[in-house]
Amino acid sequence: MTNVASLLPAVLLLLLSADGPARAQETAPQQSFDVRTPCATEINRALNKERFLFESALFGIRPAREERTGASRVDWKGNIWIKTESNSWATSGGPDGDITKSNGEMDEETAPDPLAPDTGIDPSEGRTGILQTQRALTSDIIPPLLQSFRAFQCRALTVCEAADKATGSPKKDGDSASQSSLQAIGCRPMDPAPLPLCRPTPVWTFVDTVAMRSYCAPVAEELIRYEESLLGYLAHEDAAHRSLRQFGGNFEPILRMLDFSFLTPLDQASQFLGRFSRLPCFLPYCAPAQP
């Protein structure tokens, strides 16, 4: 009995030491990627630029001088600009606070599409979007809309591939793409803009690298799902708008046939009765009666 009593504290100490690391792991705060780091900011700007290019393919881009106050633009760095006055655009992404640009400067700084062919169009003249196609049904523009969305999906995922490559992850076996090209699943190889701020530094830890790799994919997927729901709404809105215009165009000839006042016949009748008293009459009926 004495031996058992002497072994009891040792057994309890052994159990506590075995349960300690597991309990500490449960209570320890989860490591997360700080969204205020330069790498997260660079990822967000790259995704924001892809979003702007996709929406500009849908809605087009008007010259900066023709944009209304409150309109937004994205420059080639991924910063958002808002038109505050007739010839002034402002952003809060600068190191010295708000920075302003004129309409001409905003046209020159608007994010270009590096994968689009050079058409020689002046940026100050703007460009039309798919939804601005005239004399077409919504079913006619559905294929280019879906193709543009698929391109946006590939390019958003490629941004995450570029961020993962910047961390120095090893190249996958069997990948025949070049060192500068990246390829998302189901997409063709592309050459996205590099993300130098996501490269590891001496102050980075292994946890920071793993958290960074797990940050981009959920953000890109959430952005893709948002644009997908927005595209579905736009398709319904465009179909309703075009159907209403088509109905109005077909009904316009009938409206032109009925384009007269309903009081016109009464006015013509009153004018006729006014002239009736001036008509000549036969002598027996016009002569005064004899007493």
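Residues numbered from 1 in each chain as written. Predicted model: local features only at pLDDT ≥ 70, side-chain atom pairs only at ≥ 80, totals over all residues. Heavy atoms only, no water.

A.B. asks: For this particular structure, what's the right way to read the packing of helix α2 (residues 38-59) against helix α4 (residues 138-166)?
C.D. replies: Two quantities define a packed helix pair, namely the angle between the axes and the distance from one axis to the other. As a packed pair, α2 and α4 sit with axes 10 Å apart at the nearest point and diverge in direction by 170°. Between α2 and α4, the angle is such that the two are roughly antiparallel. For the pair α2 and α4, contact is made by I43, A46, L47, E50, R51, L53, F54 and L58 and by L145, S148, F149, F152, R155, A156, V159 and A163, respectively. (Axes fitted to C-alpha atoms, helices over the stretch in contact; angles between N-to-C directions. Helix = DSSP H or I, 4+ residues; strand = E, 2+ residues; numbered from the N terminus. Parallel < 35°, antiparallel > 145°, perpendicular 65-115°, else oblique. Contact = heavy atoms within 4.5 Å.)

A.B. asks: How should the nonpolar core be read in this particular structure?
C.D. replies: The nonpolar side chains of a soluble globular protein tend to be buried, and buried together. In this structure, I43, L47, L58, L145 and L195 are the most contacted members of the largest nonpolar core, which totals 30 residues. Taken together, the elements giving at least two residues each to this core come down to α2, α4 and α5 (206-257). Considering every element that reaches this core, the biggest residue donor is α4, with ten residues. What L47 contacts, discounting residues up to four positions off in sequence, is A156, V159, V219, A220 and L223. (Core = buried A, V, L, I, M, F, W, Y, C linked by side-chain atoms within 4.5 Å. Buried < 20%, exposed > 50% of the residue type's maximum accessible area, 1.4 Å probe, protein only.)

A.B. asks: Hey, could you run me through the pattern of salt bridges in this one?
C.D. replies: Here the idea is simple: oppositely charged side chains can pair when their charged atoms come close. Per the stated rule, a full pass over the model turns up nine salt bridges. Residue R73 pairs with D107 through a salt bridge whose shortest N-O separation is 3.5 Å. Placement of the pair is R73 in strand β1 (residues 72-74) and D107 in helix α3 (residues 103-109), with a sequence separation of 34 residues. Like D107, R73 is buried. The closest approach of N and O atoms between R225 and E221, which form a salt bridge, is 2.3 Å. Within this pair, R225 and its partner E221 are both found in helix α5, separated by four residues, close to a single helical turn. Judged by relative accessible area, which is 35%, R225 ranks as partly exposed. The exposure class of E221 is partly exposed, given its relative accessible area of 34%. (Salt bridge = Lys/Arg side-chain N within 4 Å of Asp/Glu carboxyl O.)

A.B. asks: Where do I start with the confidence of the model for the chain in this structure?
C.D. replies: It should be kept in mind that the predicted coordinates are not to be read in detail where pLDDT is low. Put simply, the chain has an average pLDDT of 76, and 68% of its residues get 70 or more. Below pLDDT 50 for its whole length, residues 1-31 participates in one contact with residues either more than four positions away or in separate chains. (pLDDT = per-residue confidence, 0-100.)

A.B. asks: Is there a simple way to explain the packing of aromatic side chains in this structure?
C.D. replies: Two numbers describe a pair of aromatic rings. These are the distance of the centres and the angle of the planes. For the structure on display, the rule yields two aromatic pairs. Site record: aromatic cluster; members linked through ring pairs are F54, F149 and F152. (Phe/Tyr/Trp six-rings, centres within 6.5 Å; stacked < 30°, edge-to-face > 60°.)

A.B. asks: Quick question: what am I supposed to make of the pairing of strand β2 (residues 80-85) here?
C.D. replies: Examined bridge by bridge, β1 and β2 share three bridges and lie antiparallel to one another. The partner of R73 across the bridge, within β2, is W81. The loop that links β1 with its antiparallel partner β2 comprises five residues; one of these, G78, has a positive phi angle of about 100°. (Pairing = 2+ DSSP bridges.)

A.B. asks: Sorry if this is basic, but what is going on with the side chain of N103 here?
C.D. replies: The topology assignment puts N103 in helix α3. Within the structure, the side chain of N103 is placed 2.9 Å from the side chain of W89, a separation counted as a polar contact. Apart from the residues lying within four places of it in its own chain, the contact partners of N103 are A64, R65, K83, S86, N87, S88 and W89. (Polar contact = N/O pair within 3.5 Å; in protein donor to acceptor, adjacent residues only side chain to side chain.)

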